[in-house]
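Single-letter residue listing:
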Amino acid sequence: MTIKDEKEDLERLVSRSARSRSQIVLGLLSVLMLLSATVSAQISVGGDTKLDYASPKQYELGPITVSGTKYLDKKVLILLSGLSVGEKIQVPGEAITEAIHKLWDQGLFSDIEITATKIVDDKIFLDIRLQERPRLSKYALKGVKKGDANDIRESISLIKGKVVTDNLIVTSENIMKDHFIDKGFLNVEVETVMVEDTTLPNNVVLTFNIKKKKKVKIGKIIFRGNEEVKTGKLKRAMKETKQRQWWRVWKTSKFLDFEYETDKKAVIAKYNQMGYRDARIISDTIYPNRDGSINIEMNFEEGRKYYFRNISWAGNTKYSADVLDKILGIKKGDVYDQARLDANLMMNPNGRDVSSLYLDDGYLFFNVEPVEVLVVNDSIDLEMRIREGKQATINKVTVVGNSKTNDHVILRELRTKPGQLFSREDIIRSQRQLSQLGYFNAETLGVEPKPNPVDGTVDIVYTVEEKPSDQIELSGGWGAGRIVGTLGVTFNNFSLRNVVKKGAWRPLPAGDGQRLSIRAQSNGLYFQSYNFSFMEPWLGGNKPNALSISAYHSVQSNGIQKGQENRQAIRITGVSLGLGTRMKWPDDYFLMQHEISYQNYILDNYQLIPGFNDGTSNTVSYTLSISRNSIGDPIFPTYGSVISGSVELTPPFSAFTGIDYSTATSSEKYKLIEYHKWKFDAKWYISLAKNLVIQTKMQFGFLGLYNKQLGISPFERFYVGGDGLSGFGLDGREIVALRGYDNNSLSASYGGTIFTKYSAELRYRISPNPQATVYVLAFAEAGDSWLTFNEFKPFQLKKSAGVGVRIFLPMFGLLGLDYGWRFDDVPGRPDMAPGQFHFSIGQQF
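Remember, it's a predicted structure, so these values are computed and weren't measured experimentally.

Draft legend 1. Structural view of the overall build of the chain. The number of helices and strands found in the chain is 14 helices and 34 strands. Put simply, the chain has 845 residues, and 45% of those count as buried. Put simply, of all contacts in the chain between residues at least 6 apart along the chain, 60% involve residues at least 24 apart. Per element, the accessible surface of the chain, about 42800 Å² overall, is 55% carbon and sulfur.

The structure is reproduced here in structure tokens:
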């Protein structure tokens, strides 16, 4: 194969020019047909009528007839031709030629002929003979999947009754080819079959037979002329265009033209980043291989490597050159990196930049322009020319797109207030706050500053897109040796004030940002639990003080009906009242929560711990928790952290009850429960690449006592292992998940008083769609629990690893399926499987 042949094959594979050529040929054919029709019109004469073509003669038009057409109005056709009875024309002449042009332009005919049927004295009688083009009755796409067919139908303009022309067919074929070429099927073929529709006169049925063939893979990517930059670096810079490798899983080696063009720019950007600012691609070629793949070859001219030398500032009055140099972070002798320079001047995603310094202080009209003032050999001197402008004050703040959520719910979360100085940081934080609400699509949140340089003000418009935020919980899991099902509804954007308002029930009053949750769990006779909670995030409407109220009741038994012999049961009833406030120090990511709660436990022949089977226990506790949440998207966080610490305290009842606990019965000892409970939880999120995030997490919990004679509380203990079935109350226990192990298998029979857990998850988001966010993960975790501090060994833990998938559906919350492999044996559990599945709904491990 010659180089010329290879280039011709390449054009056949990746160029759209062939299609353009076919359209040109079609156009030429149309012109030839028109010329043919024109010539025939000038010489076609009916009967014995004779015309002298060498000597055109003027005639008066007599009555004009139309033949050959069945479905069009003949009077309208004569009118469209421009010819009229009584008109004087030259024959042969321009009038008849022009008439054919006008009729041809209608696109309705495949052949046009004008003949003189007779000539009487100076009057000529003409007949316009037409052959109508067929019209489209219907069409079909064969050889493609339903999804592709639907996409193609949206792109092509084929409707019933449309006149079928060669151009229409070619255009439709090209659209179909483009659809599959954009997916890597460079050798796609489309064949059109036109068949007469026998049920409708002058109608045809089009069938497009599409042969996708195989995707064109990239065999090799070859670089030539890259002496200073290694081939591996250039290949890694091409994010989408990858050569075929057996180990490549996440990114296939298909060739897409638009991605290839983007990756060529990325390769040059890599050169520029390394100081080669004059680097360019001299030529690139793509040629086929015998196995159907293609090779890509690029030839580079690298040029000289440059370095920054002297950097000066001009026009800066607000900040000194020293301050700006520090923010810019570029020193004399650094490699000349245009991308680094641009990022440190404007909108650096990884930290502060010069523009942020000004924009956060109201200088909305700020502009900086780096100018190369001197180039000496390999060194470049820059002058940063600044136009500071004046500080801009916020005039109006508006929100568009909220069809359900009331304006005041959105506006109270914004950090940009009328009368304040403009601040880019406040805008970024406002967008995060809106994302955290969970009412809007985080991918489409938008903000548009509208500056008015005349008066130095700016209007800010936030654009939101509502998404379903209410949830139905249908979770299932394994607890206490039985399957437990949960049914619950959570209304995350409830409006209590509109409960009695007529017309507000659509289907429920909504829009005020309140949270209402009703939940029930059961596995039949053995366990039932009912929960109710309500939260007002802005108590009083002026400050972010969150009021929460909850009530719950649960019953666990051995399945024997109440009143019958040998029944064993425990009943728990509780209420709580909480008040949370957003802190300003150390920063306003912190939240402080106060909660007072009461719990009542009734034991009926139910052994909670040895010797405690019957009686009533009561708990009154106060909980203080401090948390800091700096993540963005709550469904798939890509940055930030969530850190929380809490302490729950009961009064030291044993100090003033006067009971001798060394001789007291269990019912007497545990009538008033006392303890102090400490917990710490921290999660960090780091973005490794687009849609690829690592989450690291650590947890710690400790249940302490006041009185050694009384001992540890029988309630509120920790149970580690399994899927961590959320909310399965039993005896007020706290369940900690550790995948790969049986539920509660890493704790003593009566729970532990101290636990620790460490985990790491590598997450990859497959779909960012807010209606169905999907990501896969791989995890490794370790943890354990202990009964006393003497047994505590925080680094001798039970370990596991595995993989899983998460799907977030607005109506159901987060659905998860994991498979975990345990790495350690558990004493007393010789039959535990080495690996097991864990299914969850609304559960984060």
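Draft legend 2. Looking closely at unusual backbone geometry. The peptide bond linking Val 91 to Pro 92 adopts the cis configuration, its omega dihedral lying at -10°. Counting through the fold element by element, Pro 92 comes out in the loop between strand E2 (88-91) and helix H4 (94-104). For the peptide bond that leads from Trp 585 to Pro 586, omega is 0°, which places it in the cis range. Relative to the helices and strands, Pro 586 is located in the loop between strand E22 (569-582) and strand E23 (590-604). Phi angles above zero are rare outside glycine, and Asp 121 is one such case at about 55°.

Draft legend 3. Examining helix H8 (residues 257-273) more closely. The first and last C-alpha atoms of H8 sit 24 Å apart over 17 residues, in line with the 24 Å expected at 1.5 Å per residue. Of all the positions in H8, only Glu 259, Tyr 260, Asp 263, Lys 264, Val 267, Ile 268, Tyr 271 and Asn 272 are classed as buried. Those residues of H8 that are buried are in contact with helix H7 (231-237), strand E9 (280-288), strand E10 (294-301) and helix H10 (338-345).

Draft legend 4. Molecular detail of the sheet that holds strand E7 (residues 203-211). Taken in spatial order, the 3 strands line up as E5-E7-E6 in an open sheet, and their pairing is mixed. Here the strands that pair on one side only, and so sit at the sheet edges, are strand E5 (135-142) and strand E6 (189-196). Within this sheet the neighbouring strands show an average axis-to-axis angle of 20°, counted without direction. As paired strands, E5 and E7 are joined by 7 bridges and run parallel to one another. By the bridge assignment, Leu 141 is partnered in E7 with Phe 208.

Draft legend 5. Geometry of the packing of aromatic side chains. Counted by the stated rule, this structure contains 22 aromatic pairs. Centroid distance Phe 612 to Tyr 670: 5.0 Å. Interplanar angle 45°. Geometry classified as tilted. Remark: Tyr 670 occurs in the loop between helix H14 (666-669) and strand E26 (676-689) and Phe 612 occurs in the loop between E23 and strand E24 (615-629); sequence separation between them is 58 residues. For the pair Phe 612 and Tyr 670, one class covers both residues: buried. Their ring planes at 80° and their centres at 5.6 Å tell us that Phe 789 and Phe 792 sit as a pair that is edge-to-face.

Draft legend 6. Just the sheet that holds strand E15 (residues 446-452), in detail. The 3 strands are arranged E14-E16-E15 in an open sheet whose pairing can be described as mixed. Edge positions in the open sheet fall to strand E14 (393-400) and E15, since each of these has one partner strand only. Direction aside, the axes of adjacent strands within the sheet are offset by 20° on average. Taken together, the 7 bridges between E15 and strand E16 (residues 457-463) define a ladder with antiparallel strand orientation. Bridged to Gly 446 within E16 is Thr 463.

Draft legend 7. Spatial organisation of the pairing of E24. Of the strand pairs in this sheet, E23 and E24 are connected by 14 bridges, and their pairing is antiparallel. Across the sheet, Tyr 601 pairs through a bridge with Ser 617, a residue of E24. Relative to strand E25 (residues 641-649), E24 is paired through 8 bridges, and the arrangement is antiparallel. For Leu 624, the partnering residue across the bridge sits in E25 and is Val 647.

Draft legend 8. Molecular detail of the pairing of E22. Relative to E22, strand E21 (residues 545-557) is paired through 13 bridges, and the arrangement is antiparallel. Paired with Leu 547 across the bridge in E22 is Leu 579. When E22 meets E23, the two strands line up antiparallel, connected through 14 bridges. By the bridge assignment, Gly 574 is partnered in E23 with Gln 599.

The rules behind these values
- Residues numbered from 1 in each chain as written.
- Predicted model: local features only at pLDDT ≥ 70, side-chain atom pairs only at ≥ 80, totals over all residues.
- Heavy atoms only, no water.
- Helix = DSSP H or I, 4+ residues; strand = E, 2+ residues; numbered from the N terminus.
- Buried < 20%, exposed > 50% of the residue type's maximum accessible area, 1.4 Å probe, protein only.
- Contact = heavy atoms within 4.5 Å.
- Areas by Shrake-Rupley, 256 points an atom, 1.4 Å probe, with all protein chains shown as cover.
- Expected span 1.5 Å × (residues − 1).
- Pairing = 2+ DSSP bridges.
- Axes fitted to C-alpha atoms, helices over the stretch in contact; angles between N-to-C directions.
- Phe/Tyr/Trp six-rings, centres within 6.5 Å; stacked < 30°, edge-to-face > 60°.

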